[in-house]
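Single-letter residue listing:
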Amino acid sequence: MASAGSKTRTSPWQAWGISRSPWVYHLATGTCNNCDIELLDCLTPRYDLERFGIKLVGSPRHADVLMVTGMMNRKCLPRFIAVCRQVPKPYIIVALGACGANKGIFHDSYNTVGPVERVVREIMKEDTIVVNVPGCPPKPEAIILGVVKGLKLLQERRR
Amino acid sequence: MRYVLELVIYPGFIFATAVGLLTSWFERKVSALVQWRKGPPVLQPLYDLVKLAGKETLVSERANSAGFLLAPFLGFAGAIVASLILWNANLGRSFLGDSIVLLYLLVLPALAVILGGLASGNPIAILGATRELKLVLAYEVPLVLAVIVAILKADSLLLHRLGNTITIGSLSGVLAFFVALLAVQVKLGFAPFDIAEAETELIAGPYIEYSGPPLAVFKLTHAMLLFILPLFLVTLFLGGIDFRGLGWLWGILKYLGVVLAIVLIKNTNPRLRIDQAIRFFWRYGLGLALLALVLAIIGDQVGLRWL
């Protein structure tokens, strides 16, 4: 576990490689399935994300982009943390949909531990890049834009 | 020194990697076109490898780390030596029994996948590894029988001599080529025989615990197999690649044709269950291969070249 405040180091060629072939692992933490369907839409011939080397993988160990959908309920929190630990660094997290970005309609719910970014920053105490893509559900274009912005951040963070 | 250069640069590692990655792109592009998509850029397989090389290597607590990390290199070594032998045979440099050595070397990548899966300590990976093991038992006998047909037709164990004979010009050759094509489909782990790494049920099968550089080595081995196995079929059944004059162009066309057939079979067939696959190979695969062998022997004894 990375200690609080430590910066993850990413060398330029690592960031370049990831931006050229980001493999996506899809993690649902209590969703209504709408964002998941939009995410699958991205892989259809109309949007064809394989043009950019984006591929949906089944194992978090192969992933570079953790696509998190849903409002992160209490039962899902330990699972989310376990999956994050299994993703080889460097990687980015994309919080998909209104729920992932800011709890959405579950704002005052007793059962949610808050948006993905808060969980990563305050509970896991890590500085992994988190991109919020709002929308209920976000359009495939917005999802692509979110991934692109996350990868740009990763490349800018090279030190 | 010459052998080291051959192993590392020309017919060995770098050459096989380059051709394998290009073929890997060809496979993905054709798949994309079949699905009415645009498909990835030419260098995409290379980007994938560079990316994987830069990732962290994670070893699970339950894994046997030595076996887990060494297994990819076993298959990799087998693939390099196989590509060296095969290309040299096409260039006319062959040694006695190299076809048999090649058959043994081509089992190594499958063996590496099995070992890696079993060493990773993940139940799903172990399930995938046992499926791979069953598939090896299923396709290996028909494949060897098909190779024996080619050997009978060429009347020689030398790969070079095998490469000069167009086995597919006879009835038994067509049957044997068909069986060998399906066996190659399994060796490459493509649908309908992608049972071991079945994405929708076993996630990634034996590869599930692999991350970073070891996964890159597995991907690289697979890309090299995509170069070796179609070339193996071309050498054995379609008359090999002739480097005199414009023969190499015709050779490349034959190679691309075989790859195209493999990719189209991959894209137009649903995945079989493991028991269906084994039944298929032991009943129809073995039956066809035996029929081809009997026809070839009869043709050899009676003197009918077309049989």
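Residues numbered from 1 in each chain as written. Chains lettered and ligands numbered in written order. Predicted model: local features only at pLDDT ≥ 70, side-chain atom pairs only at ≥ 80, totals over all residues.

Draft legend 1. Layout of the overall build of chain B. The helix and strand inventory of chain B stands at 13 helices and zero strands. Whereas a compact globule of 307 residues would reach a radius of gyration of roughly 19 Å, chain B reaches 19 Å, a difference of no more than 12%. Here chain B holds 307 residues, and the buried ones make up 51% of them. A fraction of 79% describes how many contacts in chain B between residues 6 or more apart in sequence connect residues 24 or more apart. (Helix = DSSP H or I, 4+ residues; strand = E, 2+ residues; numbered from the N terminus. Rg over C-alpha atoms; globule rule 2.2 N^0.38 Å. Buried ≥ 20, exposed ≤ 12 C-beta atoms within 10 Å, placed from the backbone. Contact = placed C-beta atoms within 7 Å.)

Draft legend 2. Region of the structure containing unusual backbone geometry. Residues and elements named next belong to chain A. Of note, the amide linkage connecting K89 to P90 takes the cis form, showing an omega dihedral of -5°. Here P90 is to be found in the loop between α3 (76-86) and β4 (92-96). The omega torsion of the bond from C136 to P137 falls at -5°, within 30 degrees of zero and hence cis. Mapped onto the elements of the fold, P137 is located in the loop between β5 (129-133) and α6 (140-156). In the Ramachandran plot, D48 falls in the positive-phi region, its phi being about 45° despite a non-glycine side chain. Positionally, D48 belongs in the loop between α2 (34-42) and β2 (55-56). Judged by C-beta crowding, with 18 C-beta atoms within 10 Å, D48 ranks as partly exposed.

Draft legend 3. Up close: helix α9 (residues 171-187) of chain B. Residues and elements named next belong to chain B. Under the 1.5 Å per step criterion, the end-to-end length of α9 is 25 Å for 17 residues, consistent within 8% with the ideal 24 Å. Taking burial as the measure, the 17 residues of α9 include 13 buried ones, the bulk of the element. Of the residues flanking the end of α9, it is G189, one or two places downstream, whose phi is positive at about 70°. (Expected span 1.5 Å × (residues − 1).)

Draft legend 4. Representation of the interface of chain B and chain A within the structure. Across the contact, 25 residues belong to chain B and 19 residues belong to chain A. Ranked by the residues each element gives to the side of chain B that touches chain A, the list is headed by helix α3 (residues 44-53) of chain B, at five residues. Per-class residue counts for the side of chain B that touches chain A are eleven nonpolar, six polar and eight charged. (Nonpolar A, V, L, I, M, F, W, Y, C, P; charged D, E, K, R; others polar.)

Draft legend 5. Expanded view of the pairing of β5 of chain A. All names here are of chain A. Most of β5 sits out of view: five of its five residues are buried. The two faces of β5 match: I129, V131 and V133 on one face and V130 and N132 on the other face are all buried. Here β4 pairs with β5 via five bridges, running parallel. Of the residues in β5, the one forming a bridge with V94 is V131. (Pairing = 2+ DSSP bridges.)

Draft legend 6. Molecular detail of the pairing of β4 of chain A. Residue and element names in this part refer to chain A. With respect to burial, β4 is a largely interior element, five of its five residues being buried. Burial along β4 is two-sided: the residues I92, V94 and L96 and I93 and A95 are all buried. By the bridge criterion, five bridges tie strand β3 (residues 65-69) to β4 in an arrangement that is parallel. From the neighbouring strand, V68 faces β4, where its bridge partner is A95.

Draft legend 7. Quick peek at the environment of P115 of chain A. Residue and element names in this part refer to chain A. With respect to the element layout, P115 can be found in the loop between α4 (97-102) and α5 (116-123). Taking the C-alpha atoms as reference points, P115 and L66, 49 residues apart in sequence, are found 15 Å from one another. For P115, the contacting residues outside a window of four places in its chain are A95, G100, A101, N102 and K103.

Draft legend 8. Quick peek at the sheet that holds β4 of chain A. Here we have five strands laid out as an open sheet, ordered β2-β1-β3-β4-β5 (chain A), and parallel in their pairing. Here the strands that pair on one side only, and so sit at the sheet edges, are β2 and β5 of chain A.

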